[in-house]
Every structure is written in structure tokens, then in C-alpha cells.
Amino acid sequence: MTELEGNFNNDATVIVHDSAEDLASAAVGDFVRRAEEAIGERGRFVVALAGGSTPIATYELLAKDARDSVDWSKVHVFFGDERTVPPDSEDSNFKMADDALLSHVSPASVHRMRGELDPARAAEEYERELSEFFGGERPVFDLIHLGIGDDGHTASLFPNTDALDVSDRIAVENRVEKLDTMRLTLTKETINAARAVVFLVAGEGKAGALEKILKSNADPHEFPSKLIRPAGGPVWMLDRAAASKLEAG
Ligand code: 6PG
């Protein structure tokens, strides 16, 4: 594992692992450490899981190797985004996380975005659920996991979509023309309020987007992952293939 030196955008910390397996293993260690710290300090660990396929390796490893390393009775699970599909759909981020992790452990609570509902209603409902959970205060997650697409999107903050400019909402529905679909997503404001944001990115296919996000002055509307700037900067956990354009110097 190597921490890349470099003046990366948004004060990012960039850690490169030799393989996707090493990345998953490191991400498990990071999750366990952050859970222990949060539970020790605040009596609970509030995490938003990433969607897509990259996190599966991490979540399966967490269930297999670290089930007993986390006090799941103090862990509250939310999601960064969701597709507008029912929870039993193969496209559901909730189903991915449930199959890989949640069905193997017993978190204190799991709060899925209800993709089966009208998107505007589902977003409003999630905002209410988050507000209630955080006692009416602005939601501050202990950890938010994110992935990126090869177009530079993160969560369901896709290039040139309306959700990018929303600053007065916790979560919103978002029309994604290129996929001809509606998505549900936490807003950049909610993500940036987190105590820690960790991106999990693997594979050659993401190398181009990573270079744009971390090293260029590209417009964040074109590469929305550039909008993610939590205090202290985001942490990027990459495999060598994804980092190939960063290490080229
Ligand atoms: C989703 C995700 C999305 C994901 C990226 C990467 O709902 O698809 O939340 O932001 O993290 O699209 O997906 P992969 O890990 O499958 O490449």
C-alpha cells in the first residue's frame, strides 16, 4: 500500500493498493477502525454505504472476516443513493448491500431509500427519516462510502444533472437523462458534512476519471466527484489499475 504524494484537489488523501483484494481488505480495516472510534466517542456508528459493484468485495469481506470486530448493535446503516427499483431488484443498491453484508450481521437499524415509491416522495421521506434520526439537526454521518463512475459521477450525482446545484436539501430525486431514469441521492451538502468520506475505486476503467477528478481543473458539473470536499478532505482508496494515471506523475 502506498500513499501518493501530490497536491490533489480538495485536499484528497490518495492510497493505492496492489490489487482490488488488498483494497477491500484495507477498506474493511478502515471501516472497523472508524466504527470503534465512533462507538467509543458517541455510542454509535452512522454509516452510508455505497452502491454499484465495487463495494461488494469489501462488504462481503466485512461479513466474513470482521463480523465479530464490529459492535453491530451500535451501527446504523443508510445509503448514499438508490435506483428507482424495488428492494428485491438485482439493480437495487440495498439488495447488493443486504446480500453481501446486512443479512449476515444485525445492525441497530437499516434505512433504505424506498426506490419503489414515486421518486419525489421517496426523497422527501428519506429526508424526514434522516432528520428524525439526527434529532432535527443536520445529518452528520461518521462515514460515507462512495464509488465513482467512469464519467466522474458519485452516488447519483451525475454530470450536468439538477441535483448537483441543490444546496437546501438532505436528499433528492435526480433525473439522469443519459440513463433515462430517475435516481435517489444524498446531496453534496449532506455528503460534505460527514466526518469521513471514503471513495472505493478499482479498475483501469476509472483511471481517466480519477485523473480529471483529482488533478485537473475540470468543471465539477462535468466530474461531480469534484464536488465532494468534506472537512479534512476525502480519502481515496484505489487499486493500482485505477491509480495508473495518477502515478504517471
Ligand atoms: C450506483 C452507485 C454509483 C457507483 C458508481 C460505480 O448506484 O451505481 O452508487 O455511484 O458507485 O456507478 O459503480 P461500480 O462500482 O459498479 O463501478
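Residues numbered from 1 in each chain as written. Predicted model: local features only at pLDDT ≥ 70, side-chain atom pairs only at ≥ 80, totals over all residues. Heavy atoms only, no water.

Draft legend 1. Up close: the packing of aromatic side chains. A complete count under the given rule lists nine aromatic pairs for this structure. Ring centres of phenylalanine 79 and phenylalanine 94 lie 6.0 Å apart, and the angle between their planes is 65 degrees; on these two criteria the pair is classed as edge-to-face. Here phenylalanine 94 lies in helix α3 (residues 93-100) and phenylalanine 79 lies in strand β4 (residues 75-79), a separation of 15 residues in the sequence. Both residues of the pair, phenylalanine 79 and phenylalanine 94, count as buried. Every member of this aromatic cluster is reached through a ring pair, and the members are Phe78, Tyr126, Phe133, Phe134 and Phe141. (Phe/Tyr/Trp six-rings, centres within 6.5 Å; stacked < 30°, edge-to-face > 60°. Helix = DSSP H or I, 4+ residues; strand = E, 2+ residues; numbered from the N terminus. Buried < 20%, exposed > 50% of the residue type's maximum accessible area, 1.4 Å probe, protein only.)

Draft legend 2. Seen up close, the side chain of lysine 206. If you trace the backbone, lysine 206 turns up in the loop between β10 (197-201) and α6 (207-215). With residues up to four places along the chain from it excluded, the contact list for lysine 206 reads Thr54, Ile148, Gly149, Asp150, Val201 and Ala242. (Contact = heavy atoms within 4.5 Å.)

Draft legend 3. Structural detail: the site of the ligand. In the region of the ligand, 15 residues are neighbours, and Ser53, Thr54, Asp81, Arg83 and Ala155 sit closest. Between the ligand and threonine 54, the relevant distance is 2.6 Å, taken from an oxygen atom to a side-chain nitrogen or oxygen of the residue. Relative to its unbound accessible surface of 410 Å², the ligand loses 87% to contact with the protein. Taken together, the residues that form the shell around the ligand break down as two nonpolar, nine polar and four charged. (Near = heavy atom within 4 Å. Polar contact = N/O pair within 3.5 Å; in protein donor to acceptor, adjacent residues only side chain to side chain. Areas by Shrake-Rupley, 256 points an atom, 1.4 Å probe, with all protein chains shown as cover. Nonpolar A, V, L, I, M, F, W, Y, C, P; charged D, E, K, R; others polar.)

Draft legend 4. Structural context of helix α4 (residues 119-133). Taking 1.5 Å of rise per residue, 15 residues should cover 21 Å, and α4 covers 21 Å from first to last C-alpha, within 8% of that figure. All of the buried residues in α4 are Pro119, Ala122, Ala123, Glu125, Tyr126, Glu127, Leu130 and Phe133. Glycine 135 lies just past α4 and shows a positive phi near 60 degrees. (Expected span 1.5 Å × (residues − 1).)

Draft legend 5. Summary view of the pattern of salt bridges. Evaluation of the coordinates by the stated rule reveals 21 salt bridges. A salt bridge links glutamate 41 to arginine 42, with the shortest nitrogen-to-oxygen separation between them at 3.0 Å. Since its relative accessible area comes to 56%, glutamate 41 is described here as exposed. A salt bridge links glutamate 127 to arginine 169, with the nearest nitrogen and oxygen atoms 2.8 Å apart. Of this pair, glutamate 127 sits in helix α4 while arginine 169 sits in the loop between β7 (143-146) and β8 (171-176), and the two are 42 residues apart along the sequence. With relative accessibility at 12%, the residue glutamate 127 sits in the buried group. One salt-bridge network, in which partners are shared between bridges, spans Arg112, Arg114, Glu116, Arg121 and Glu125. (Salt bridge = Lys/Arg side-chain N within 4 Å of Asp/Glu carboxyl O.)

Draft legend 6. Just α3, in detail. The buried fraction of α3 amounts to six of the eight residues, a majority that puts the element mostly inside the structure. On the buried face of α3, the contacting elements are β3 (45-49), α2 (55-65), β4, β5 (81-83) and β6 (109-110). N-capping of α3 is provided by serine 92, with a side-chain oxygen placed 3.1 Å from the backbone N of phenylalanine 94.

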